[in-house]
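An overview of the molecular structure
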Amino acid sequence: MMINIRLNSYLCSRMRFHTNGLNGLKICLVLSLFCFTALYPSVSPCSSGKQRYFAADNCYKRLKNSSVKQKYRENWMKCIDKYQAVFTKNPSGPWAAAGMYRAAQLYLELYKISFRIQDRIEAVDLLRRIQKRYPSSVYSDRSRHLIRKIEEKSSKTTEKKITRYTGCTKVIKPEPDLKSKPDDLKTAQIPKEKSRPEDRDVHEEPTPAQKSIGDDSIITGLRFWSNPNYTRVVVDATHESDFTHRLLKKDPSIHQPQRLYVDLDNSRISRDLPRRTAINDDLLLQARAGQHTPHSVRVVVDIKSFDNYKIFSLKDPFRLVIDVWGEQKEDQASQKTARLSTDNIKSSAIAKQFALGVRKIVIDPGHGGKDPGAPGYLKGVWEKDVILKLSKTLAQRMRDRLKCEVVLTRSTDTYLTLEERTAIANTKNADLFISMHCNAARNRKLAGIETYYLNLATDDQAISVAARENATSRKNISDLDSILNDLMKNAKINESSRLAAIVQSTMVKHMKLDYSDIRDLGVKQAPFYVLLGARMPSILIETSFLSNKTECKRLISSRYQTKICDAIISGVEKYIKETNPLKL
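What you see is a predicted model; the values in this text were computed from it and never measured.

**Quick word on the packing of aromatic side chains**
What the rule picks out here adds up to nine aromatic pairs. Seen from their ring centres, Tyr53 and Tyr83 are 5.7 Å apart, and the 70° between their planes marks the pair as edge-to-face. Residue Tyr53 is found in helix α3 (residues 49-64), and its partner Tyr83 is found in helix α4 (residues 73-89); the two are separated by 30 residues along the sequence. Overall, Tyr53 belongs to the buried group, its relative accessible area being 10%. Members of the aromatic cluster, each reached through a chain of ring pairs, are Tyr53, Phe54, Tyr83 and Trp95. When the ring centre of Tyr60 is taken as reference, the NZ or CZ atom of Arg102 above it lies at 5.0 Å. Here Arg298 stacks its cationic end above the ring of Tyr261, 3.8 Å away from the centre of that ring.

**Details of the packing of helix α5 (residues 96-114) against helix α6 (residues 117-133)**
In the contact formed by α5 and α6, the axes pass within 8 Å of each other and the chain directions differ by 160°. With respect to α6, the element α5 is oriented roughly antiparallel. Crossing geometry of α5 relative to α6 is assigned as left-handed. Across from Ala97, Met100, Tyr101, Ala103, Ala104, Tyr107, Leu108, Leu110, Tyr111 and Ser114 in α5, the residues of α6 making contact are Ile117, Asp119, Arg120, Glu122, Ala123, Leu126, Leu127, Arg129 and Ile130. Taken together, the residues that form the contact of α5 with α6 break down as 14 nonpolar, one polar and four charged.

**Some details on the sheet that holds strand β11 (residues 308-314)**
Ordered by their spatial adjacency, five strands build an open sheet running β7-β3-β4-β12-β11, and the pairing between neighbours is mixed. Each edge of the open sheet is held by one strand with a lone partner, namely β7 (267-269) and β11. The mean angle between the axes of side-by-side strands here comes to 30°, regardless of whether they run parallel or antiparallel. Two strands pair when backbone bridges link them, and strand β4 (residues 230-237) and strand β12 (residues 319-325) are joined in this way by seven bridges, in the antiparallel orientation. Across the sheet, residue Tyr230 finds its bridge partner in β12, namely Trp325.

**So, the environment of Gly533**
Within the element layout of this structure, Gly533 appears in the loop between β17 (520-526) and β18 (538-545). Here the alpha-carbon distance between Gly533 and Asn426, two residues 107 residues apart in the chain, equals 8.5 Å.

About the criteria used
- Residues numbered from 1 in each chain as written.
- Predicted model: local features only at pLDDT ≥ 70, side-chain atom pairs only at ≥ 80, totals over all residues.
- Heavy atoms only, no water.
- Phe/Tyr/Trp six-rings, centres within 6.5 Å; stacked < 30°, edge-to-face > 60°.
- Helix = DSSP H or I, 4+ residues; strand = E, 2+ residues; numbered from the N terminus.
- Buried < 20%, exposed > 50% of the residue type's maximum accessible area, 1.4 Å probe, protein only.
- Lys NZ or Arg CZ within 6 Å of the ring centre and 35° of its normal.
- Axes fitted to C-alpha atoms, helices over the stretch in contact; angles between N-to-C directions.
- Parallel < 35°, antiparallel > 145°, perpendicular 65-115°, else oblique.
- Left-handed = near helix turned anticlockwise from the far one by under 90°.
- Contact = heavy atoms within 4.5 Å.
- Nonpolar A, V, L, I, M, F, W, Y, C, P; charged D, E, K, R; others polar.
- Pairing = 2+ DSSP bridges.

Pasting the structure below:
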């Protein structure tokens, strides 16, 4: 300290020597203040815990005096952050415990209007930290008392509640005990209650304000499709998040089935998400989701039996796909068509698959409903309408000619997610999967027919087509590399490649007999979401360019549609004959 004082005196004397009277004195005073604050930073008014606490108090008073501000989560979080700053800026300060306690109280007040269990979790977490870190503080006893009140209120939750909207008795399970946290699902979601009229202005769906802590993703849905040998579970979310998964062994001692769980980081449960989703097929009992930690969600799948599983994510919007397959039984192998496994299939298995021929084909008309697809060159023409009419014609003519069962993923103008389309093909035990589309490009001169199968994109045009059909960005297409390397196996890709090559060449050959300027754009590879996880040879056909004037007129004509359908059927027929010459 003496060194700093001497240095300050020396600098001041030099400054007075080189400057005129008053100016030198001003500079000297500034220098003295700088040295003093450097020596005693804790006495700076800006860093006072007491002042931070009173600033937070003022924020809270303004909030309580405005019924409008109380309706928006961001206003509550501003005050909570101010109280939290009291202890984060100076954890050992005399006001730290007080700041933590007030932050916990505000979380509890917010919980009363938000009904989000995360808010209550945050409050209890802060109160327990006070007891652990400041045991001798008066706020330690207050925290213990407040936690006891929360637990008592939780245990007194009525099991029967008269609902306002029906007048019937509704069973409501007690809220989860804060002390009891199972290993696989630490905190369950509070059962949803009927919202009160005075609460309807409070944002129930996630808003930017609701995601203020770490911009957490909101888990909004659990969906599933299943058959006796396959189940697909999809977890819907508002934002992309990292995830990890683990398979737990069955534990008979606590009556726990075998479980597969996935932890999603920086995520929170939507208050509208059901606590449990019953599946009860041959493979899975149920799927359940809960708030594992304040900033992570755990999704648990209770398993009856399985052979293998795959987990991957899709984007725009972000969703997690869990595919579970059952063991292949001998009696199943003798029925109709043996299913392709995703694990190291040999050529003999492929031959066995087609020993009885192709019995069932799933045709997927792209887009639909709120997703119109590509606009046509002509006004009012949309891909979803053109491709639905074309697919219906294809299905009917394929049934008549190939004498096989043909299933459409959609037969009306309805919206289906891309993962749902693949799930339909898998659950229907399809032998072939054909996704139908019309092409489009900014350059309206582009024209032609091309066929795709699932693989890494081979050129920029393929990346652009995949990005458009996936409703995502070109960057996200590149991000699929690691997923594809895990999901794809050579045998299935080889069969899809062969099917694509035969269908493409046959289509072009047949169409050239009746139309001029038919361009063969060839067979290409690209990572299409709609083909991910398909258990059978699968292709995506871009029938023609809807953005091209000539091809748009052709695509809306019944004659052209009939011709291209017959050409596709000829390609499929040729593929079946080459696979099993005795079948047709």
